[in-house]
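Given next are the chains, with one letter for each unit.
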Amino acid sequence: MQKTMPFEEPLIQLRKKIGELREYTENAEVDLSAEISSLESRLEKLETDIYEDMKPWDRVQVARHPNRPTTLDYIPLLFEDFIELHGDRLYGDDEAIVGGIAMFNGQPVTVIGHQRGKDTKENVRRNFGMPHPEGYRKSLRLMKQAEKFNRPIICLIDTKGAYPGKAAEERGQSEAIARNLVEMAGLEVPVISIVIGEGGSGGALALGVGNHILMLENSTFSVISPEGAASILWKDAALAQTAAEAMKITAPDLLEMGIIERIIPEIRGGAHHDPVKQAEFLSSAISQSLDELNPMSGESLIDQRYDKFKGIGVFTE
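Attention here is on the structure that accompanies the text. Here the structure is a predicted model, which is why all the values come from computation and not from measurement.

### Here's the deal with the pairing of strand β2 (residues 97-104)
Among the eight residues that make up β2, six are buried, leaving the element largely enclosed by the rest of the structure. Relative to strand β3 (residues 107-114), β2 runs antiparallel, the two being bridged by eight bridges. The residue of β3 that forms the bridge with Ala102 is Val109. Between β2 and β3, which pair antiparallel and follow one another directly, the connecting turn spans two residues, one of which, Asn105, has a positive phi of 50°.

### Quick notes on the packing of helix α4 (residues 71-78) against helix α13 (residues 275-293)
Taken N-terminus to C-terminus, the directions of α4 and α13 make an angle of 70°; their axes are 9 Å apart at the nearest point. Taken together, α4 and α13 sit at an angle that is classed as roughly perpendicular. Between α4 and α13 lies a crossing of right-handed hand. Residues Tyr74, Leu77 and Leu78 of α4 form the contact with α13, whose own contacting residues are Pro275, Val276, Gln278, Ala279, Leu282, Ser283 and Ile286. Grouping the constituent residues of the contact of α4 with α13 by class yields eight nonpolar, two polar and no charged.

### Let's talk about unusual backbone geometry
Residues apart from glycine generally show negative phi values, whereas peptide bonds are mostly found in trans. Of note, Phe128 is a non-glycine position whose phi angle comes to about 55°, a positive value. Accessibility expressed as a relative area gives 44% for Phe128, which makes it partly exposed. Even without glycine at this site, Lys248 takes up a positive phi of about 55°. Topologically, Lys248 is positioned in the loop between α11 (240-247) and α12 (251-256).

### Considerations on the layout of surface pockets
Estimated volume of the largest pocket: approximately 280 Å³. Contributing to the lining of the largest pocket are 14 residues, with Phe221, Ser222, Val223, Leu254 and Ile259 lying nearest its centre. Among the elements of the structure, α9 (201-205) and β7 (220-222) are those that each provide at least two residues to the lining of the largest pocket. It is α9 that provides the largest number of residues to the lining of the largest pocket, a total of three residues. Residue classes in the lining of the largest pocket are distributed as ten nonpolar, three polar and one charged. Computed from the structure, the second largest pocket encloses a volume of approximately 190 Å³. Contributing to the lining of the second largest pocket are 15 residues, with Arg64, Arg116, Gly117, Asn123 and Lys160 lying nearest its centre. Split by residue class, the lining of the second largest pocket holds three nonpolar, five polar and seven charged.

### Observations regarding helix α10 (residues 226-234)
Here α10 has its buried residues at Pro226, Gly228, Ala229 and Ala230. The positive-phi residue at the C-terminal boundary of α10 is Lys235, with phi of around 55°.

### What to know about the side chain of Gln173
Among the secondary structure elements, Gln173 is positioned in helix α8 (residues 173-185). Note on Gln173: relative accessible area 3%, which makes it buried. Among the polar contacts made by the side chain of Gln173, one reaches the main-chain carbonyl oxygen of Tyr163 at a distance of 2.9 Å. Discounting chain neighbours no more than four positions away, the residues touching Gln173 are Pro131, His132, Pro133, Tyr136, Ala162, Tyr163 and Ala168.

### Concerning the pairing of strand β5 (residues 191-200)
A large share of β5 lies buried, amounting to ten of its ten residues. Where strand β4 (residues 153-159) and β5 come together, six bridges link them in parallel fashion. When the sheet's bridge partners are listed, Ile154 is paired in β5 with Ile192.

### So, the packing of α10 against α11
Two numbers describe how α10 lies on α11: the axes approach to 8 Å, and their chain directions differ by 100°. Put simply, α10 runs roughly perpendicular to α11. Contacts from Pro226, Glu227, Ala229, Ala230 and Trp234 of α10 reach α11 at Ala240, Thr242, Ala243, Ala244 and Met247.

### With respect to the pattern of salt bridges
Working definition: two side chains of opposite charge can pair if their charged atoms are close together. Following the criterion strictly, the structure yields 18 salt bridges and no others. Between Glu198 and Arg64 there is a salt bridge whose closest N-O contact spans 3.0 Å. A residue pair is termed long-range when its members are at least 10 positions apart, and Glu198 in strand β5 and Arg64 in the loop between α3 (56-63) and α4 qualify at 134 residues. Note that Glu266 and Arg68 form a salt bridge whose closest N and O atoms lie 2.6 Å from each other. Taken together, the residues Glu266 in the loop between β8 (262-264) and α13 and Arg68 in the loop between α3 and α4 connect sequence positions 198 residues apart. Like Arg68, Glu266 is buried. What you see here is one network of salt bridges that share partners, running through Arg64, Lys160, Glu198 and Glu227.

Each value, and the rule that gives it
- Residues numbered from 1 in each chain as written.
- Predicted model: local features only at pLDDT ≥ 70, side-chain atom pairs only at ≥ 80, totals over all residues.
- Heavy atoms only, no water.
- Buried < 20%, exposed > 50% of the residue type's maximum accessible area, 1.4 Å probe, protein only.
- Helix = DSSP H or I, 4+ residues; strand = E, 2+ residues; numbered from the N terminus.
- Pairing = 2+ DSSP bridges.
- Axes fitted to C-alpha atoms, helices over the stretch in contact; angles between N-to-C directions.
- Parallel < 35°, antiparallel > 145°, perpendicular 65-115°, else oblique.
- Left-handed = near helix turned anticlockwise from the far one by under 90°.
- Contact = heavy atoms within 4.5 Å.
- Nonpolar A, V, L, I, M, F, W, Y, C, P; charged D, E, K, R; others polar.
- 1 Å grid on protein atoms, 1.4 Å probe; cavity = no way out; pocket = protein on both sides within 12 Å on 5 of 7 lines; lining within 4 Å.
- Points joined across faces, edges and corners; volume = space filled by probe spheres on them.
- Polar contact = N/O pair within 3.5 Å; in protein donor to acceptor, adjacent residues only side chain to side chain.
- Salt bridge = Lys/Arg side-chain N within 4 Å of Asp/Glu carboxyl O.

This is how it looks when you write it as C-alpha cells:
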C-alpha cells in the first residue's frame, strides 16, 4: 500500500466515498450511478488542481517518499548489461553510492548514483544514502575510468547530503567532495547529472558538475534542507514549509534561474506510482542530452561546462 502525502488527503477521502457508494450499490441493488459519476468528475478536477499546482513543500514530501524509485530501481529499467564496480582503492567500498558500466541504447556508459534504502535494514546498510568520502572517491575513480575509455557519465543524484559524522571527517570528507568538483569540471567526456529525489548540499554537488543537469519534476536541489535553513534563519525547524518556498529549491524554480537544462515530467502524483513509465521519461531525457553532447569534442565539453557554471547566479558590481 502506497503511503499518502498530507496534501493528498482530500483525494483519499473522495476516493473512499466513491468506493463506499459502489459497495452500497452492489449490496443494496440501488442505482447510485449518477452520484458516483458526479463524484468521479469532482475527483478528476481535484486531482488536476492538486497535482498541477503543487507547492514547494508538497514537492519536498514527494521527493522524500519512501517508495520513490532509487538508483538501483532505475538501472535495470534504463540500462542493459550493468556491471557494478566496488571500492575506492584507498579505504573501502561505500554502499551509499553505486556505480559501474552499462549499455544505453547500444552505447557504453558509466552510471553512478546515490543509493538509499526503503526500509530500516537497507537504510542502515546504505547509511540512509549519505556517502562517506570513500563513496566520492569511488565515484571519481569510475569517472576517470570512463574518461580513459571515452564513455559518457550518467549520475543519478538522491541524497540528503554527505555523511557529517566524525569518521567521515577523519577520512577527508570535505577534500573528497572538493576533489570531485575539480576533477569533474575537467572531464573530457559528456557528464549528465539527474536529480531523481533529494539533491542536498555538497553531497549532491559532488555528482552534479555536469554538462547537463536535469531534474525530475518533483525533485529538489539545494544547499541545505528546508528544516536546516529554518533552524538557522528563524531558530525553528517547524518553519520548514516557509523555508522551502523562500529557498527556490524545486525544478521549476531552478529551470527559471538557468541552473538546470530540463525538467523531466513525472507520473501524476509522483514517480513511485509507476516506476516503469517514469523510467521511459528518464530514458527519453538521457537520449536527448546524449544526442546534444556526444558530437562535442573533449575541449568543447570542458568549455561548455565552464561557461555553464560561470553563468549561474545574478549579481551586481
